[in-house]
There are 2 protein chains.
Amino acid sequence: MKIINSIYEMQKQAEALRASKKIIGFVPTMGYLHEGHLSLVRKARELSDIVVVSIFVNPTQFGPNEDLDRYPRDFERDRKLLEQENTDIIFYPEAKDMYPEGFCTYVQVRGMEDFLCGKSRKGHFIGVAMVVIKLFNIVKPHYAVFGLKDYQQFKIIERMVKDLNMDLEVIPYPTVREKDGLALSSRNTYLSEEERKKALIIYESIKTLKEMFKKGIRDPNALKQRAKEMLESEGGVIIDYISICDTETLEELTIIKDKALYAIACFVGKTRLIDNSILEV
Amino acid sequence: MKIINSIYEMQKQAEALRASKKIIGFVPTMGYLHEGHLSLVRKARELSDIVVVSIFVNPTQFGPNEDLDRYPRDFERDRKLLEQENTDIIFYPEAKDMYPEGFCTYVQVRGMEDFLCGKSRKGHFIGVAMVVIKLFNIVKPHYAVFGLKDYQQFKIIERMVKDLNMDLEVIPYPTVREKDGLALSSRNTYLSEEERKKALIIYESIKTLKEMFKKGIRDPNALKQRAKEMLESEGGVIIDYISICDTETLEELTIIKDKALYAIACFVGKTRLIDNSILEV
């Protein structure tokens, strides 16, 4: 396994790999890897000859009052985990190289970023789109695998890749959960034992809404009302948003045809957690 | 010479060419080619194994009241000219394929697009950045050659390529002029014989400001005042802007250190013409 810090070297490697007809699979991460990330790495492994994983805590996707500084980091641990997964290359650049002085190019997927997390985290998806387009240009993957816990992120990147004719395929991968249902997230490490228990209500609300949907309940307000009641029943859980929206455009729905996305963000203590699930029969 | 309309086919060709270690030189154009374009093609020829020229009148870089509909087009003529220059591939896509339904990704080089043409043509450089990034992803060039008549366009693209780590080199090429000094432009075709004569004042003002600069005049206001007087002395020439700005950031200068860009846009009749020159000793 190679560890590459230099953008230039990574790009030259990628070019050489493509020229020798190797298929490159890519998993961009912010590190502090968990089983969710590792399942993406395995998916990339399955699709590709060469697996590249990037570790970069991207400053431009954090708001001024967000958790950039305390975001968990442990490169040595990540390195070992990736070695076990037969990763070929870790791309591990520095922020000063990724965003040199004078940087002023911004990529916006307008419309899709106005909803859900884009609404409560202003500028978040501009930062995501920016770093992803850079990483794609550096790593030159044939496949890039993204987890569906960040459903909106996946849809925005899928749209951007299509709109800008980037020559790669964006592959979605299902959310990985703990046995009790909590979606894996590097941010789970912030939770106290008590908060960890409270956080389970998120998945409980997903299960309940899926059941309601199966029983034929199609009124978005009824579904959201039930979710709200459940989340609020757990003291210390503050709802950021609850949404029943279109699975493609992410627009809030007033009528559900065949399916919908139930997406949710809430604070458990100081920790912001997200989750989502598609409601369909 | 191959003519490719399909985005998919162009991208596959480009990928195959890169894989076989061919160097790709690219000249993006809106067609209705003149000697200025052809000199860019020759430069690309000099640098590359394979020369690709795109012809695409990009709707997103025209404002609602601009000349998209009457922009001159003559594919057959362009084809012949490019054949004579030993062009390998003409990429000639359709607007409906370049901008399919649902397109919503926008690229902005903030700051640099606020000045000069970006100020009077709102949204123009968003359209330019958008189409250029798409064309780069489709044609996958090692070199892309741009004429310096559109100095701001060149600087914005240079910045964007650097900021987004696109793996190519942007090559500038000097403005090509008629014998009497008029900068070549597809829009010159709009000019009546009388307007054509009036338009010469633009290059006259460039020569004058270069002389003043050589004589030691460094006050931007004095330079701009002289340019204004010259242009206004010609009836029927309406100034859009006159700028003495930084050659890198394009910011208007109040003090000139070693050099400056003199940039100008004006209407001669209904036709908007631009020109520029670097003032230096």
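What counts and how
- Residues numbered from 1 in each chain as written.
- Chains lettered and ligands numbered in written order.
- Predicted model: local features only at pLDDT ≥ 70, side-chain atom pairs only at ≥ 80, totals over all residues.
- Core = buried A, V, L, I, M, F, W, Y, C linked by C-beta atoms within 7 Å.
- Buried ≥ 20, exposed ≤ 12 C-beta atoms within 10 Å, placed from the backbone.
- Contact = placed C-beta atoms within 7 Å.
- Pairing = 2+ DSSP bridges.
- Helix = DSSP H or I, 4+ residues; strand = E, 2+ residues; numbered from the N terminus.
- Axes fitted to C-alpha atoms, helices over the stretch in contact; angles between N-to-C directions.
- Least-squares fit on C-alpha atoms with pLDDT ≥ 70 in both.
- Domains from an automatic or database assignment.
- Nonpolar A, V, L, I, M, F, W, Y, C, P; charged D, E, K, R; others polar.

Undergrad: For this particular structure, what's the right way to read the nonpolar core?
TA: By size, the foremost hydrophobic cluster in this structure holds 146 residues, and its most contacted members are A:Ala129, A:Val139, A:Tyr262, B:Ala129, B:Val139 and B:Tyr262. Among residues more than four places away in sequence, those in contact with A:Val139 are A:Met10, A:Ala14, A:Ile24, A:Phe26, A:Val52, A:Ser54 and A:Phe91.

Undergrad: Which parts of the structure should I look at to understand the sheet that holds strand 9 (residues 259–268) of chain B?
TA: One key point about sheets: their strands pair by backbone hydrogen bonds, in either a parallel or an antiparallel sense. Residues and elements named next belong to chain B. Reading across the sheet, the three strands line up as 8-9-10 and stay open at both edges, with antiparallel pairing between neighbours. The strands lining the two open edges of the sheet, one partner per strand, are strand 8 (237–245) and strand 10 (271–280). Averaged over all neighbouring strand pairs, the angle between strand axes comes to 15 degrees, with direction disregarded. In this sheet, strand 10 lies alongside strand 9 in antiparallel orientation, the contact comprising 10 bridges.

Undergrad: Quick question: what am I supposed to make of the relation of the copies chain A and chain B here?
TA: Turning one copy of the chain about an axis and sliding it along that axis gives the other copy, so a rotation and a shift relate them. It takes a turn of 180 degrees to lay chain A on chain B, together with a shift of 0.0 Å along the axis; the resulting RMSD is 0.0 Å. What the superposition gives is, in effect, a two-fold axis relating one chain to the other. The overlap is high: 100% of the interface residues of chain A also sit at the interface in chain B, so the same surface is used on both sides.

Undergrad: Would you mind showing me how to read the domain arrangement of chain A here?
TA: Interface size, as often reported, equals the accessible area lost upon joining of the parts. All names here are of chain A. Partitioning chain A into structural domains gives domain 1 (2–173) and domain 2 (186–274). Distance between the C-alpha centres of domain 1 and domain 2: 26 Å. With 14 residues of domain 1 at the contact, the number on the domain 2 side is 13 residues. Among the elements that line the side of domain 1 that touches domain 2, the one with the most residues is helix 5 (residues 116–120), at four residues. By residue class, the composition of the side of domain 1 that touches domain 2 is eight nonpolar, three polar and three charged.

Undergrad: Whenever I open this one, the interface of chain A and chain B confuses me. Can you help?
TA: The interface of chain A with chain B comprises 27 residues on the first partner and 27 residues on the second. Taken together, the elements giving at least two residues each to the side of chain A that touches chain B come down to helix 1 (7–19), strand 5 (105–109), helix 6 (124–139) and helix 7 (151–163) of chain A. A per-class count over the side of chain A that touches chain B returns 13 nonpolar, six polar and eight charged. The pairing of strand 5 of chain A with strand 5 (residues 105–109) of chain B spans five bridges and is classified as antiparallel. From the neighbouring strand, A:Tyr106 faces strand 5 of chain B, where its bridge partner is B:Gln108.

Undergrad: For this particular structure, what's the right way to read the sheet that holds strand 6 (residues 143–147) of chain A?
TA: Residue and element names in this part refer to chain A. Read across the sheet, six strands follow the order 1-4-3-2-6-7 without closing on themselves; strand pairing throughout is parallel. Either end of the sheet is taken by a strand with one partner, and the two such strands are strand 1 (2–4) and strand 7 (169–173). Put simply, the sheet's adjacent strands are angled 25 degrees from each other on average, direction ignored. Bridge count between strand 6 and strand 7: five bridges; the pairing is parallel. Across the sheet, the residue bridging to Ala144 is Val170, located in strand 7. Against the sheet, helix 6 contacts strand 2 (24–29), strand 3 (50–55), strand 4 (89–91) and strand 6, and its axis sits at roughly 150 degrees relative to strand 2.

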